[in-house]
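Coordinate inspection notes
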Amino acid sequence: MAGVCSRGALIVLEGVDRAGKSTQCRRLVEALTSAGVRAELVRFPERTTEIGRLISSYLEKKSDLDDHTVHLLFSANRWEQVSWMKQKLHSGVTLVVDRYAFSGVAFTSAKKNFSLDWCKQPDVGLPKPDLILFLELSTAEAEQRGGFGAERYETTNFQRKVLQRFQELRNDKTLNWKVIDASKTIEDLHNEIRSLAEEAIKEAQHKPIGQLWK
């Protein structure tokens, strides 16, 4: 492989709201960077784009949109970052992603009259993660954490349905899911995540970037 740049890994953190994903994403990027690994944080929805601003307004309950429209907007928000993500990965940067297509599918399919299959279709072909870390937290514990209920989907019944959908998505053996107990201390959680991430980075180096759900 002389002269070929080792690519970065695509590492996704998923889970119900308030499971600690954002904190752990930041800590992982900091730890990898300190260890000399080029790493950057990516968040979805990416709220700074035109599409992202529409999503943000909807999530903050400032506007109402049809559920189908919302789902497609979330997917479009991911697709508008794909060229940049691939360029970063090919240049050797590891991307740590706070929510990805799995959140989009789990949240929409938890609503009435939406199938998992319909929800997955718009995201078929996105860059396939090398590792998906699912931070598992009971809805009862999530409710006790600061800020729960601030955004549209943060209700106990809905979060319970979302958790069920995530469990169905995790049955896909073509993806590298790792389930982690998010009720651990921040430090213990970080150490476990870092260890799994370092392993994924080594394994991804000379593999092509896969396509999600293809």
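For the structure itself, look to the data block above.
Below is a short write-up of the structure. In this text the structure is predicted, and so the values were computed from the model without any measurement.

Cut-offs applied
- The residue count restarts for each chain, going from 1 along the sequence in the order it is written.
- Totals for whole chains, interfaces and linings use all residues, but because this is a predicted model, local features are given only for residues with pLDDT of at least 70 and pairs of side-chain atoms are given and counted only at 80 or more.
- Side-chain metrics rest on all non-hydrogen atoms present in the structure, leaving aside hydrogens and water.
- Labels follow the DSSP assignment, with helices taken as runs of H or I lasting at least four residues and strands as runs of E lasting at least two, numbered in each case from the N terminus.
- Note on exposure labels: buried denotes an accessible area under 20% of the residue type's maximum, exposed denotes more than 50%, and partly exposed covers the range between, all computed with a 1.4 Å probe on protein chains only.
- Residue contacts are counted whenever heavy atoms from the two residues lie within 4.5 Å of one another.
- Between the rings of Phe, Tyr and Trp (Trp by its six-membered ring), a pair exists once the centres lie within 6.5 Å; its type follows the angle of the planes, with under 30 degrees stacked, over 60 edge-to-face, and the other angles tilted.
- Only lysine NZ and arginine CZ atoms are considered, and such an atom sits over a ring when it is within 6 Å of the ring centre and within 35 degrees of the ring normal.
- Multiplying 1.5 Å by the helix residue count minus one yields the expected span of that helix.
- Of all possible arcs, the one meant is that of the directions from the helix axis to the C-beta atoms.
- Definition of a polar contact: a pair of N or O atoms within 3.5 Å, with one able to donate and the other able to accept a hydrogen when the atoms are protein atoms, and with sequence-neighbouring residues admitted only if both atoms are side-chain atoms.
- None of His or the chain ends enter the tally, which takes Lys and Arg as positive and Asp and Glu as negative.
- We count a salt bridge whenever a side-chain nitrogen from Lys or Arg sits within 4 Å of a carboxyl oxygen from Asp or Glu.

Structural notes on the environment of Gln-81
- By secondary structure assignment, the location of Gln-81 is in the loop between α3 (67-79) and α4 (82-90).
- Overall, the relative accessible area of 15% leaves Gln-81 in the buried class.
- Between the C-alpha atoms of Gln-81 and Glu-46, which are 35 residues apart in sequence, the distance is 8.6 Å.
- Dropping the residues within four chain positions of it, Gln-81 is found in contact with Phe-44, Glu-46 and Thr-49.

Re the packing of aromatic side chains
- What the rule picks out here adds up to eight aromatic pairs.
- When the centroid spacing of 5.5 Å and the interplanar angle of 80 degrees are considered together, the rings of Phe-102 and Trp-213 count as edge-to-face. Of the two residues, Phe-102 is situated in helix α5 (residues 101-109) and Trp-213 in the segment after α9 (186-204); the sequence distance between them amounts to 111 residues.
- For Phe-102, a relative accessible area of 0% puts it in the buried group.
- Given a relative accessible area of 17%, Trp-213 falls into the buried group.
- One aromatic cluster is present, built from ring pairs that chain together Phe-44, Tyr-100, Phe-102, Phe-134, Phe-166, Trp-177 and Trp-213.
- Between Arg-170 and the ring centre of Phe-134, over which it is positioned, the NZ or CZ distance is 4.7 Å.

Let's talk about helix α8 (residues 156-169)
- The end-to-end C-alpha separation of α8 is 20 Å, in line with the 20 Å expected for 14 residues at 1.5 Å each.
- Taken together, the buried positions of α8 are Phe-158, Gln-159, Val-162, Leu-163, Phe-166 and Leu-169. One face of α8 carries all of its buried residues, which in axial projection span an arc of 145 degrees.

Regarding α3
- The first and last C-alpha atoms of α3 sit 19 Å apart over 13 residues, in line with the 18 Å expected at 1.5 Å per residue.
- Among the residues of α3, those classed as buried are Val-70, His-71, Leu-73, Phe-74, Ser-75, Asn-77 and Arg-78.
- Residues of α3 that are buried in the fold lie against α2 (50-59), α4, α5 and α6 (116-120).
- Two or three places before His-68, at the start of α3, stands the capping residue Asp-66, its side-chain oxygen 2.9 Å from that residue's backbone nitrogen.

With respect to the side chain of Asp-172
- Tracing the chain through its elements places Asp-172 in the loop between α8 and β5 (177-181).
- Buried within the structure, Asp-172 lacks any salt-bridge partner; its nearest side chain of opposite charge belongs to Lys-120, at an N-O separation of 5.0 Å.
- Polar contacts involving the side chain of Asp-172 include one to the side chain of Thr-174, which spans 2.6 Å.
- Discounting residues that sit within four places of it in the chain, Asp-172 has contacts with Trp-177 and Trp-213.

Topic: the pattern of salt bridges
- Within the structure shown, the criterion is met by 14 salt bridges.
- The closest approach of N and O atoms between Lys-88 and Glu-40, which form a salt bridge, is 2.8 Å. Here Lys-88, found in helix α4, pairs with Glu-40, found in strand β2 (residues 39-43); they are 48 residues apart in sequence, far enough to count as distant.
- Taking the relative accessible area as the measure of exposure, Lys-88 reaches 18% and is therefore buried.
- The class of Glu-40 is partly exposed, set by a relative accessible area of 28%.
- A salt bridge links Lys-184 to Glu-192; the shortest N-O distance between them is 2.4 Å.
- Under the relative-accessibility criterion, Lys-184 is labelled partly exposed at 35%.
- Each of Arg-47, Glu-60 and Lys-62 takes part in one network of salt bridges that share partners.

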